[in-house]
Amino acid sequence: MEFRILGPVQVFDERTGVPIVPSGAKQRALLGALVVKADQAVSADRLVDELWGEHPPGNAANALQAHVARLRRLLPAPPAAGQAPHEWLVTRAPGYVLRLGPAGTDARTFHRLTAEGRGLAPTDPGRSADVLRRALALWRGPALEGSGRGTICSVEASLLEESRLVALESLYTACLGAGRAGEITGELEELTTAHPLRERFHELLMTALYRCGRQAEALWAYDRAHRRLVRDLGVEPGPLLRGRMEAIRHDPEPAPFHPTDPPAGPSAPSAGDDEGPSVRLLRAELVELRRHIERLTREQRVLTDRLEALTATHAATP
């Protein structure tokens with residue numbers, strides 16, 4: 001059996017293949033809090049606060065006991081005959097404890113797989129990416145969805161969401177290390193839209209575009225991130241993002257990607273390069289020229305749109 005909190009709170013019984021979902025908000029909040037604190041006693045007072053916050057019912061202790069009794073009836077039967085007796089939800093002073101026993105949680109599996117994936121990254125980035133995708137596939141929506149806004153569930157949901165975002169960063173870093181840049185640009189575009197103030201996603205998108213030979217688009221991605229950070233936070237991009245931008249601007253040809261390396265500065269030709277410094281300089285100038293042309297094209301489009309809007313307004317004025 002598995003207790004699931006990476007999405008709507010539910011219990012999955014492998015014997016039936018059917019998820020068990022508490023029907024009421026209070027039941028979901030209770031199950032979510034107990035799963036978060038699995039194998040730990042959670043006081044009745046804390047559970048009352050989790051379920052009702054600042055507005056508990058007149059007889060909160062009895063109301064909580066009623067919800068616990070309903071949850072006990074909802075949980076699957078103990079393990080089959082021949083195994084040690086096991087009760088999922090037990091009373092233990094000063095409250096209740098959910099004993100996992102032979103069961104697990106998808107959150108613990110997620111943390112185990114992400115740790116395994118990160119450990120593989122330095123030596124086998126391709127396998128690292130595969131393991132990290134398995135970890136992220138466990139998510140079925142926002143963590144602890146539908147479990148209310150109590151302190152236990154809301155804090156854990158925030159921590160799990162941050163762990164998910166960090167796992168995504170590790171995944172795309174591994175993909176770049178495995179030479180899979182072309183497979184992830186679309187996913188990173190979506191992530192930079194969903195999390196526009198998270199600089200690491202912008203840096204990974206720039207790197208992926210650059211590895212695909214799309215330097216001008218990579219620099220445009222930096223410009224977009226720069227404008228958003230200045231507009232929403234009033235800050236300039238950090239050194240990681242600026243360093244990646246400078247590296248891309250001054251080096252028109254992608255170098256091998258090393259996920260543990262800091263962003264490189266402008267690269268100098270090595271003694272073994274087939275091209276001389278003059279050729280590399282011309283390539284860099286061409287990239288800069290293309291970027292300048294694209295910027296002028298965007299500015300022309302904006303000015304044209306403004307002119308058309310002003311013309312239409314003027315024509316509509318009596």
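Residues numbered from 1 in each chain as written. Predicted model: local features only at pLDDT ≥ 70, side-chain atom pairs only at ≥ 80, totals over all residues. Heavy atoms only, no water.

Structurally, Arg4 can be placed in strand β1 (residues 2-4). Of the polar contacts made by the side chain of Arg4, one reaches the side chain of Glu2; its length is 2.9 Å. Not counting chain neighbours up to four residues away, the residues in contact with Arg4 comprise Val9, Gln10, Phe12, Asp106 and Arg140. (Helix = DSSP H or I, 4+ residues; strand = E, 2+ residues; numbered from the N terminus. Polar contact = N/O pair within 3.5 Å; in protein donor to acceptor, adjacent residues only side chain to side chain. Contact = heavy atoms within 4.5 Å.)

Turning to the environment of Trp52, a few remarks are in order. Within the secondary structure, Trp52 is located in helix α2 (residues 44-52). We classify Trp52 as buried; its relative accessible area is 16%. Residues Trp52 and Arg149, 97 residues apart in the sequence, show an inter-C-alpha distance of 9.4 Å. Contact partners of Trp52, with chain neighbours within four places excluded, come to Lys26, Pro57, Ala60, Ala63, Leu64 and His67. (Buried < 20%, exposed > 50% of the residue type's maximum accessible area, 1.4 Å probe, protein only.)

What follows deals with a nonpolar patch on the surface. Taken together, the side chains of Leu197, Leu233 and Val235 present a nonpolar region at the surface, about 230 Å² in accessible area. Summarising the element assignment, Leu197 is placed in the loop between α7 (181-194) and α8 (199-211). (Patch = residues over 30% accessible without salt bridge, like charges linked within 9 Å, V, L, I, M, F, W, Y side chains within 5 Å. Areas by Shrake-Rupley, 256 points an atom, 1.4 Å probe, with all protein chains shown as cover. Salt bridge = Lys/Arg side-chain N within 4 Å of Asp/Glu carboxyl O.)

Attention now goes to the sheet that holds strand β4 (residues 42-43). Judged by pairing direction, the sheet is antiparallel, and its three strands sit side by side in the order β4-β6-β5 without closing on themselves. Each having just a single partner strand, β4 and β5 (89-92) make up the two edges of the open sheet. Bridge analysis of β5 against strand β6 (residues 95-98) gives four bridges, and the strand direction is antiparallel. Opposite Arg92, over in β6, you have Gly95 as the bridge partner. Seen against the sheet, helix α3 (residues 60-74) touches β5 and β6 and runs at an angle of roughly 145° to β5. (Pairing = 2+ DSSP bridges. Axes fitted to C-alpha atoms, helices over the stretch in contact; angles between N-to-C directions.)

This part is about the confidence of the model for the protein. Interpretation of this model should avoid reading the predicted coordinates in detail wherever pLDDT is low. On average, residues of the protein score 83 in pLDDT, and 77% of them are at 70 or above. This model gives residues 260-281 a pLDDT under 50, and the stretch forms 17 contacts once residues within four places in sequence are excluded. Within the model, the stretch residues 283-288 combines pLDDT values under 50 with eight contacts to residues more than four positions away or in other chains. (pLDDT = per-residue confidence, 0-100.)

Further remarks concern unusual backbone geometry. Of note, the bond from Ala93 into Pro94 is cis; its omega dihedral lies within 30 degrees of zero at 10°. Along the chain, the position of Pro94 falls in the loop between β5 and β6. Not every positive phi belongs to a glycine, and Asp39 is a case in point at roughly 70°. Within the element layout of this structure, Asp39 appears in the loop between α1 (25-36) and β4.

We now examine the packing of aromatic side chains. One pass over the structure, following the stated rule, counts two aromatic pairs. Pairing Phe3 with Trp88 gives two aromatic rings, centres 5.9 Å apart and planes at 80°, and the pair type is edge-to-face. Taken together, the residues span a long stretch of sequence, with Phe3 in strand β1 and Trp88 in the loop between α3 and β5 at a distance of 85 residues. Comparing Phe3 with Trp88, the two get one shared label, buried. Their ring planes at 80° and their centres at 5.7 Å tell us that Phe110 and Trp139 sit as a pair that is edge-to-face. Linking Phe110 in helix α4 (residues 106-120) with Trp139 in the loop between α5 (125-136) and α6 (151-177), this pair joins segments that are 29 residues apart in sequence. Look at Trp139 and you get buried, because its relative accessible area is 13%. (Phe/Tyr/Trp six-rings, centres within 6.5 Å; stacked < 30°, edge-to-face > 60°.)

Turning to the environment of Ala143, a few remarks are in order. With respect to the element layout, Ala143 can be found in the loop between α5 and α6. Linking Ala143 and Gly32, residues 111 residues apart in sequence, is a C-alpha distance of 9.8 Å.

Moving on, we get to the pattern of salt bridges. Evaluation of the coordinates by the stated rule reveals 16 salt bridges. One salt bridge connects Asp232 with Arg231, and the closest N-O pair in it is separated by 2.9 Å. In this structure Asp232 comes out as partly exposed when scored by relative accessible area, which is 34%. Several salt bridges share partner residues, and in doing so they unite Glu162, Glu169 and Arg198 into one network.

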